[in-house]
Amino acid sequence: MPERMLTESEGYRLLESCGIPVPPHHLATSASDARAAAGWIGYPVVMKVISPEIVHKSDVGGVITGIENPEGVDEAFRTIMQNAAAHAPEATVTGIIVEKQIPAGLEVLIGGKTDPSFGKVITFGLGGKLVELLADVSIRVLPASEDEIRTMIREIEGYRLIRGYRGEAPKDEEALVRIIAAMAQAFIEDPRIREFDLNPVIVYEKGVSVVDARIIAGETAGGAAARLSVRAPPDIFYPESIAVIGASASPNKVGYSVLRNLLSFSGNLYPVNPSHGELFGRTTYPSVLDIPAPVDWAVVAVPARIVPEVMEECGKKGVRLAVIVTAGFREIGGEGTTLEEKVTAIARRHSIRIIGPNCLGIMMPHMRINATFDPVSPRAGDVAFISQSGAIITTVVDWSLPEEFGFSTVISVGNQADLGFEHFLRFAEQDDMTRSVTLYIEEIQDGRGFMQIVGEVAGRKPVVAVKSGSSRKGKAAASSHTGSLAGSYEVYIAAFRQAGVIPARTLRDAFNLAELLASEGYPRGKRAIAVTSAGGFAVLASDYAEAHGVDMVDLPDDVLRELNAFLPPFWNHANPMDILGDADATRFAALFDVLIRHQEFWDIAFVIAVPTTLVDPAHVANEIVRFSRNTEKMVVGCMLGGDSIRSGLRILRGSRIPNFEELEDAFKAVGSILEVRAVRQE
């Protein structure tokens, strides 16, 4: 069905069929028709231009309110038609709607759009003329329960106006929940509805009414079903033998870099190249079929046109996983797409799973596997990194070495001709070496399937994601409020939060979060304490906690008594706890002992240590490690400074306790975790 915008009267009929209240109205095609309608509707009335091409009626002078008599109707009809002709001469005006002017109230927006990745999504926020300026909205991927809708309403900044602000009575929140739920249900069930804006929706102390409706009908797409039946056996990611097909003696060839990187692999490594008998001191075979032993993986680094032939040979050999680093497939379109389909068909026929093509490869540091052409190999750690960009991987790995950050697995997904994010997430879920997952995402094809799988994985292991593409530069102007406010990036972030994935703006933020969660796990609540020997940082800790949704709890009386027994008399007797600038590791240790004994009143502890002549950073770090190991709570290291604290940082890193070099980064990270956990637990 070709896309078209329903007339306002058609839209009102649709809303009424869903039980959503709208004002009495009539679509008039002449001034006399409008006068008659105003007579039976009852004054005052509003008159609005109706045209598929005029999206924002007020912008063209197409809305007149407060019409009190028949003469006013005649004047309004004439003025609206003249304004439309002057400001939108190409627009087809189908009529002017006359409707009852309802009393003023709180204006909100309810919108829906069909996202190409996630299917149908719904948006809620403050409405009226300033909707784009305020941009105070929340988004959910459908379906959404009434509880989720209620949470959606409450998470906008403007919720204070619904709850009751400065003496005003609260608005009818439950009526608002009901009409959002009704519209969401109609949106899901009616495949013809592609997009809609209900703006403004007027909310009163009792009741709600839609005043303006813009509904676009057409074919809908997006949000395909998850490929839940397609699972890669986890054991294929633990090879005992690897063949490098296209291995080379030339340093400027990809096959050279891959083979060199795999020399440390403890299993059997087989170079394949018909032009060489030996490479790097290892016997080299003309074909994978000539290898006299089983081959689990084949890393394919030959020209694209040869890949189908190589895959046939891998199939005959019984190779289980092909890592195709070669480019020249679907990413170039045309013949490349056809070639990729051919390779995938061969792989399916032989039950070979594929990473790539057009990928950097895979790294598994615990197994000393670097099946990529990145010259740098990362340290072993407990964070899995899955990325749609090979260049991002090489940059992150290079950054990780001086930071002493380690990975359990690093995977470049490439074109995802076979294995995709969902398979790698399932692998990370069951991998004993992985304690948290970081994703770098450019685009997800099957958004709903991704949400279902990543949601299940995030329930067992924390998942953090960076989504590129937040900038609107170069994008066409959105045709509706909903399209403007719920762009692709915003829908991704909403979907992440809905599925329990923690979104991060930057890669550094992502790895800070992943490392913290890998070390400490999810906090059980948001009750926080902070310990510091610097009064200024105690004040900043309070500020940052409030800014990022972290609750600084009061210290119980029995805890205060125990602390007063050994802390100097001038400590601040509050949380954050300023234990004064002459604090040494012994004072930190004694305080930690109290907190270990009294774990019932806190969930998160921020330990803020600064350089002084009285404290050895290594000793403080050892006490932080002991504190962390003797609690079931989240302990966040904040050793601040430069070279003088390096000894302490090495101890924390060696014990896999993350440290935040900027205090606000620590509170921002914890706040992000708490925000997503709160959404997931609704």
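Rules and cut-offs
- Residues numbered from 1 in each chain as written.
- Predicted model: local features only at pLDDT ≥ 70, side-chain atom pairs only at ≥ 80, totals over all residues.
- Heavy atoms only, no water.
- UniProt positions renumbered as here; feature names shortened; annotations may be inferred.
- Helix = DSSP H or I, 4+ residues; strand = E, 2+ residues; numbered from the N terminus.
- Contact = heavy atoms within 4.5 Å.
- Axes fitted to C-alpha atoms, helices over the stretch in contact; angles between N-to-C directions.
- Parallel < 35°, antiparallel > 145°, perpendicular 65-115°, else oblique.
- Left-handed = near helix turned anticlockwise from the far one by under 90°.
- Pairing = 2+ DSSP bridges.
- Phe/Tyr/Trp six-rings, centres within 6.5 Å; stacked < 30°, edge-to-face > 60°.
- Buried < 20%, exposed > 50% of the residue type's maximum accessible area, 1.4 Å probe, protein only.
- Lys NZ or Arg CZ within 6 Å of the ring centre and 35° of its normal.
- Right-handed = clockwise from strand over helix to strand, strands pointing away.
- Salt bridge = Lys/Arg side-chain N within 4 Å of Asp/Glu carboxyl O.
- Core = buried A, V, L, I, M, F, W, Y, C linked by side-chain atoms within 4.5 Å.
- Domains from an automatic or database assignment.
- Lys, Arg positive; Asp, Glu negative; His and termini not counted.
- Polar contact = N/O pair within 3.5 Å; in protein donor to acceptor, adjacent residues only side chain to side chain.

- An unreviewed UniProt entry lists the protein chain under the name acetate--CoA ligase (ADP-forming), from Methanoculleus chikugoensis.
- In UniProt, the protein chain has this text filed under Catalytic activity (unreviewed entry): "acetate + ATP + CoA = acetyl-CoA + ADP + phosphate".

### A word on the environment of V620
- Inspection of the secondary structure puts V620 in helix 20 (residues 617-629).
- Residues V620 and F421 lie 199 residues apart in sequence; the distance between their C-alpha atoms is 41 Å.
- Ignoring any residue separated from it by four or fewer positions in sequence, one finds V620 in contact with A585, F588, A609 and V615.

### Notes on the packing of helix 18 (residues 557-564) against helix 19 (residues 585-597)
- The geometry of helix 18 relative to helix 19 is characterised by a closest axis approach of 10 Å and an angle of 160° between their N-to-C directions. By the criterion of interaxial angle, the relationship of helix 18 to helix 19 is roughly antiparallel. In this structure, the crossing between helix 18 and helix 19 has a hand that is right-handed. Within the contact between the two elements, helix 18 uses V559, E562 and L563 and helix 19 uses L591, V594 and R597.

### Quick look at the sheet that holds strand 13 (residues 268-272)
- Strand order in the open sheet formed by five strands is 13-12-16-17-18, with parallel pairing between adjacent strands. In this open sheet, the two strands that pair with only one neighbour each are strand 13 and strand 18 (353-355). Along the sheet, successive strands turn relative to each other by an average axial angle of 20°, direction set aside.
- Bridge count for strand 16 (residues 297-300) against strand 17 (residues 321-324) is four bridges, and the pairing is parallel.

### Quick notes on the UniProt feature "domain: ATP-grasp" (unreviewed entry) in the protein chain
- Within the UniProt annotation, "domain: ATP-grasp" (unreviewed entry) is assigned to residues 12-48.
- The span residues 12-48 is 46% helical and 22% strand by assignment, and the distance between its end C-alpha atoms comes to 14 Å.

### A word on the packing of aromatic side chains
- Within the structure shown, the criterion is met by 22 aromatic pairs.
- A centroid spacing of 6.1 Å and a plane angle of 70° characterise the contact between Y270 and Y285, whose relative ring orientation is edge-to-face. Note that Y270 is positioned in strand 13 and Y285 in the loop between strand 15 (282-283) and strand 16, a separation of 15 residues in sequence. Pair check on accessibility: Y270 and Y285 agree, each one buried.
- Aromatic rings pair up to connect F118, F421, F450, Y492 and F496 into one cluster.
- We note K633 situated over the ring of W602; from NZ or CZ to the ring centre the distance is 5.3 Å.

### Focus on the sheet that holds strand 19 (residues 361-364)
- Reading across from one edge, 20-19-22-21-23-24-25 is the order of the seven strands in this open sheet, with mixed pairing throughout. For this open sheet the edge positions go to strand 20 (369-372) and strand 25 (502-504), each flanked by a neighbour on one side alone. For this sheet, the mean inter-axis angle between neighbouring strands, taken without regard to orientation, is 25°.
- Pairing analysis gives four bridges linking strand 19 to strand 20, with the strands arranged antiparallel. Bridging from a neighbouring strand, M363 pairs with N370 of strand 20.
- Packing of helix 15 (residues 488-499) onto the sheet brings it into contact with strand 23 (436-441), strand 24 (463-467) and strand 25, and relative to strand 24 it is tilted by some 180°.

### Details of the pairing of strand 12 (residues 241-245)
- In terms of burial, strand 12 is largely enclosed, as five of its five residues are buried.
- Both faces of strand 12 are covered, namely the face carrying S241, A243 and I245 and the face carrying I242 and V244.
- Strand direction decides the pairing type here: strand 12 and strand 13, joined by five bridges, are parallel. Looking at the pairing, I245 lines up with V272 of strand 13.
- Read as a crossover between parallel neighbours, the route from strand 12 over helix 8 (residues 254-261) to strand 13 is right-handed.

### Here's the deal with the pattern of salt bridges
- Counted according to the given criterion, the structure contains 33 salt bridges.
- One salt bridge in this structure joins K57 and E8, with 3.7 Å as the shortest N-O distance. With K57 in the loop between strand 3 (45-50) and strand 4 (63-67) and E8 in helix 1 (residues 8-17), this pair connects stretches of sequence that are 49 residues apart. Per residue, the accessibility class of K57 equals that of E8, and both read buried.
- Within this structure, E8, K48, K57, E99 and D212 form a network of salt bridges that share partners.

### Brief notes about unusual backbone geometry
- Residues L142 and P143 are joined by a peptide bond in cis, for which omega reads 5°.
- Cis geometry is found at the peptide bond from N575 to P576, where omega equals 5°.
- With a phi angle near 55°, R368 is a residue other than glycine that sits in the positive phi range.
- Positive phi values are uncommon outside glycine, yet R656 reaches one of about 55°.
- Mapped onto the fold, R656 is located in the loop between helix 21 (646-654) and helix 22 (663-681).
- Overall, R656 belongs to the partly exposed group, its relative accessible area being 39%.

### A closer look at the pairing of strand 5 (residues 95-100)
- For strand 5, a buried count of five out of six residues is recorded, marking the element as mostly surrounded by other parts of the structure.
- Taken together, the four bridges between strand 2 (residues 25-28) and strand 5 define a ladder with antiparallel strand orientation. By the bridge assignment for strand 5, A28 is matched with I96.
- Of the pairings in the sheet, the one linking strand 3 to strand 5 comprises six bridges and is antiparallel in character. Residue pairing across strands places V46 opposite E99, the latter belonging to strand 5.

### Here's the deal with the nonpolar core
- Judged by nonpolar contacts, the single largest core of 59 residues is most densely connected at F237, L262, I355, I362, L439 and F450.
- The dominant element in this core, judged by the number of residues it contributes, is helix 15, at eight residues.
- Mapping this core onto the domain boundaries places at least three of its residues in each of domain 2 (106-217) and domain 3 (359-518).
- Ranked by size, the runner-up nonpolar core spans 48 residues in total, among them A510, A534, I604 and V610.

### Brief notes about the side chain of K461
- Mapped onto the elements, K461 comes out in the loop between helix 13 (447-458) and strand 24.
- Of the side chains with opposite charge, D431 comes closest to the buried, unpaired K461, at an N-O distance of 5.9 Å.
- At 2.9 Å, the side chain of K461 forms a polar contact with the backbone oxygen of A428.
- Setting aside residues up to four positions removed in sequence, K461 forms contacts with A428, E429, Q430, D431, T434, R435 and Y522.

### Considering the side chain of E429
- Residue placement: E429 occurs in helix 12 (residues 421-430).
- Those residues in contact with E429 that sit more than four places away from it in its chain are E456, V457, R460 and K461.

### Concerning the environment of R163
- Mapping R163 onto the fold places it in helix 6 (residues 159-163).
- We classify R163 as partly exposed; its relative accessible area is 48%.
- Spatially, the C-alpha atoms of R163 and E173 are 7.9 Å apart, while their sequence positions differ by ten residues.

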